[in-house]
Amino acid sequence: MFPSKLRALPRASHYRFLSTSTSTSTSTPITSVLIANRGEIALRVGRTASALGVRCTTIYTDPDANSQHALSSPFAVNLGSANAYLDGERIIKVAKEQSCEALHPGYGFLSENSAFAKRCLEEGLVFIGPPWKAIEAMGNKSRSKDIMIKAGVPCIPGYHGGNQDPKYLLEEARRIGFPVMVKAVKGGGGKGMRIAFNEQEFLDKLESAKSEGRNSFGDDEMLVEKYISTPRHIEVQIFADKHGNAVALGERDCSLQRRHQKILEEAPAPNLAEDIRQDLWEKARAAALAVGYEGAGTVEFIFDNDTNEFFFMEMNTRLQVEHPVTEEITGEDLVSWQFKVAAGERLPLDQETIAQRIAERGWAIEARIYAENPSQNFMPDSGKLIHLKTPPISESVRIDAGFVEGDTVSSAYDGMIAKLIVSGETREVVIRKLYAALQEYEVVGLSTNIEFLKKICKSPAFIRGEVETGYIQKHNDELFAPEVIEPERFAQAALGLLSKELSTPAPTIGQGPHGTAVGFGSSSRRQFTFIPTDVEDGVPVTVSVEQLGRNLYDLEVKGGGLDQSYSSVVCEPKSPSISTFFPHTRIESAIVTDGDKITLFQHGKQTHLTLATPSWFEKALGLKDAANSVLAPMPCKVLRNEVKEGDKVEKGQALVVIESMKMETVIRSPQNGTVAKLVHKEGDICKAGTVLVLFEDAQVD
């Protein structure tokens, strides 16, 4: 059925839906639903719906044909192309064909599309979300700010008008005062948003935001706002029913961000005065009531660390990715609340009871596990999960995931692999437990941000709760400090490879450049050369292994400033792990190989190595030097080339703008040089590793 069990909640009636109380006398129970989404949120909605006795129909696309959400229900319909999750009319047709009474949009895709919500209503489907008019009002950032000002909710200074002439917007930016933020009025999730620190870069940032707005939302209308230099992102979870009741279920701090997208969220918000907290709750409720809201919503505020002022930013008219932290501090299933409100029931709890719950239940933090490379400006990644090991689930550790080992994270969609949610009595305890859980997380097959999240957990300022949206940039040197790889890690990698080789039946022909039958004799002494791939310009390290007897070895580790010998080392293979008794300590490591790529998990830390190809083997194959070319780092679409053939460029200069996982990424020059050839034109679809730009003297097959 549905994986990733929710944390056990204290209320015995948590999963009861058909209430007999007088407050639900006007409700109409929902017995069937189409989940119009994918991945972990589709599974999340399905778990609660099944617990409520609601029949679920799922939808999927060709890239998602074998995904967990597509397999989670016997009622599953293929929509075809990768972008079909945005085909509202097709989805409504499927819901009616499957005799579904209701439709749950999840988050993203069509969840905040007012026209889609309206069409559901017209076709007799219960849209499990707010009324379409509320979505329309809050979906336009300019209009929503006008509504909030009238409702007494403070708004940040800015221009929200209809004149979209770039020169006029530049004049408004000058009036507001730099730095300013430009963002799509229909934007969300960090897309269509740029910061201009001065007027010289304003027009370029404006065009980039407009382009992303067109690609993500089909609309490039922009607003310009004052950019607060040390802001926090604090949001309030609200819920309202059809009977005029509205409550705030506490706030969440979502200040830890990259690319204007959240990677870590927590509740309650740290270092927040109680009077400000209560004011935030009250303003959020006022925002909901101002638009006749129903269901789950989130009112987002910018909090100025310098002045302790807060300003309305936007309202997300849907369930948020980070809703689990609110569930942990309230003990409530918010998806269950969505079903109840959509059926016409009253809110299960009043504001006083919610406040008491939050005061008693401690803290919760959610870490988003993303397929991305933090060291390369959080470049999105994609690929097959060839190895996946997760922390044990418990009362205080929860995982909401959309993937299992063997699944493929597609470049067609957002790269979030899972959400790790940890709860406990205090924030300090939760941070320690989160770090411990991250140490047990193992992912191989693509890059992830797990090691980066561990560094945040150990960052002193984060532990003190001194958070802001610019935290990563402010603490860049600390968070991206070079890692020192101990000699034992290289030794373990060599022993792991050797143990795997010795436990595999010998083939009758050569194994390749590192096998015993090609370039090696039958000697008991072997050499492995590794190149660290977690650091720039990794220096090769050679490990010499001499077998003295069964599971008994002498080792030498040399290179990269290392010169270490270990004698009479006992290594016990336990595939994919090995347990090694060095003279000074015992070390257990898990070693996962993927071709010449080696991933080592040891003492809660992940290390990436490449097994160097012997020079004689490179020469035999005629491998070419590709140092003078720039490759696509992931499957992508070329949006535009920023240079021309023959241009002289400097290291770091923008060469090509690509799109992958719905995000624009600028590919910059790794060197000074002259552009010899632009291999692809605007609109081309490229595989990972495809040559994008050739410099003079480069070759390409």
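Placed above this text is the structure.
Residues numbered from 1 in each chain as written. Predicted model: local features only at pLDDT ≥ 70, side-chain atom pairs only at ≥ 80, totals over all residues. Heavy atoms only, no water.

Caption draft 1: A look at the overall build of the protein. When helices and strands are counted, the protein shows 19 helices and 39 strands. The C-alpha radius of gyration computed for the protein amounts to 27 Å, which stays within 12% of the reference 27 Å derived for 701 residues, consistent with globular compactness. Reported as C-alpha extents along the three principal axes, the dimensions of the protein are approximately 85 × 60 × 50 Å. Across the 701 residues of the protein, 55% fall into the buried class. Taking as baseline every contact in the protein between residues at least 6 positions apart, the subset at least 24 positions apart corresponds to 62%. Accessible surface for the protein amounts to roughly 29,500 Å². Of this, 49% is attributable to carbon and sulfur atoms. In the protein, the 78 positive side-chain charges and the 94 negative ones have mean positions that sit 3 Å from each other. (Helix = DSSP H or I, 4+ residues; strand = E, 2+ residues; numbered from the N terminus. Rg over C-alpha atoms; globule rule 2.2 N^0.38 Å. Buried < 20%, exposed > 50% of the residue type's maximum accessible area, 1.4 Å probe, protein only. Contact = heavy atoms within 4.5 Å. Areas by Shrake-Rupley, 256 points an atom, 1.4 Å probe, with all protein chains shown as cover. Lys, Arg positive; Asp, Glu negative; His and termini not counted. Charge placed at Lys NZ, Arg CZ, Asp CG, Glu CD.)

Caption draft 2: Inspection of unusual backbone geometry at higher detail. Residue phenylalanine 178 is joined to proline 179 through a cis peptide bond whose omega torsion reads 0°. Position of proline 179 among the secondary structure elements: in the loop between α7 (166-176) and β7 (180-188). Residue proline 268 follows alanine 267 across a cis peptide bond; omega there is -5°. Within the secondary structure layout, proline 268 lies in the loop between β12 (261-267) and α9 (274-290). Notably, arginine 259 is not glycine yet its phi reads approximately 55°, a positive angle. In this fold, arginine 259 is placed in the loop between β11 (246-258) and β12. With a relative accessible area of 21%, arginine 259 lands in the partly exposed category.

Caption draft 3: Examining the environment of leucine 639 more closely. With respect to the secondary-structure elements, leucine 639 resides in strand β33 (residues 636-641). The exposure class of leucine 639 is buried, given its relative accessible area of 11%. Beyond its immediate chain neighbours, meaning those up to four positions away, leucine 639 contacts Asn215, Val657, Ile658, Glu659, Glu664 and Glu682.

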